[in-house]
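One-letter residues, chain by chain:
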Amino acid sequence: MRKSIAGVIGLIIALQISSQTIIRGKLKDNKGKPIPGASVSIKDSYDGSVADSLGNYKFSTTEKGDQTLVATNIG
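Conventions adopted
All residue numbers here refer to positions counted from 1 along the written sequence of the relevant chain. Given that the model is predicted, a residue must reach a pLDDT of at least 70 before its local features are reported, and side-chain atom pairs must reach 80 or more before they are shown or counted; all residues, however, enter totals for whole chains, interfaces and linings. As a convention, hydrogens and water are excluded, and side-chain values are obtained from all of the structure's heavy atoms. Under the DSSP-based scheme used, a helix requires at least four consecutive residues in state H or I and a strand at least two consecutive residues in state E, with every element numbered from the N terminus. Summary of the burial criterion: residues with accessible area below 20% of their type's maximum are buried, those above 50% are exposed, and those between are partly exposed, where the area comes from a 1.4 Å probe applied to protein chains only. Here, two residues are considered to be in contact whenever any of their heavy atoms come within 4.5 Å of each other. In protein, a polar contact requires one atom able to donate a hydrogen and another able to accept it; more generally it is a pair of N or O atoms within 3.5 Å, and residues adjacent in sequence count only if both atoms are side-chain atoms. Any two strands are treated as partners once DSSP identifies two or more bridges connecting them. With axes taken as lines fitted to C-alpha atoms, and helix axes fitted only over the stretch in contact, angles between N-to-C directions fall between 0 and 180 degrees.

A. The environment of Asp52, seen in detail. Note on placement: Asp52 falls in the loop between strand 3 (48-50) and strand 4 (56-61). By relative accessible area, which is 36% here, Asp52 ends up partly exposed. C-alpha of Asp52 to C-alpha of Gly37: the two residues are 15 residues apart in sequence and 5.9 Å apart in space. The residues contacting Asp52, other than those within four sequence positions of it, are Pro36 and Gly37. Within polar-contact distance, the side chain of Asp52 engages the backbone nitrogen of Leu54 at 2.9 Å. Only 2.8 Å separates the side chain of Asp52 from the backbone nitrogen of Asn56, close enough to count as a polar contact.

B. Inspection of the side chain of Thr61 at higher detail. For Thr61, the position within the fold is in strand 4. Engagement of the side chain of Thr61 in a polar contact is seen with the side chain of Asp47, the distance being 2.4 Å. Of the polar contacts made by the side chain of Thr61, one reaches the backbone nitrogen of Glu63; its length is 3.1 Å.

C. Region of the structure containing the sheet that holds strand 2 (residues 39-42). With antiparallel pairing, the 3 strands of this open sheet are ordered in space as 3-2-5. Because the sheet does not close on itself, it has two edges, and the strands there are strand 3 and strand 5 (69-72). With direction set aside, neighbouring strand axes in the sheet form an average angle of 15 degrees. Across 3 bridges, strand 2 lies against strand 3 in antiparallel orientation. Within the sheet, the bridge partner assigned to Val40 lies in strand 3 and is Ser49.

See the structure below:
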């Protein structure tokens, strides 16, 4: 019984992990310079990240279909 419960839980976790999409990219200004510390997120979602010192960002999401990315930066 315990093995079957553990198997079902493992299957659920595997399905959740495989249904996620990785979003990654690099933020640059109009002169091609990186924008460190900018926030990047999917519009109307809690999924997002903050760009590193080179403007790179990466996050995972379960959102499907076409989405709009929003980048904000103060300064």
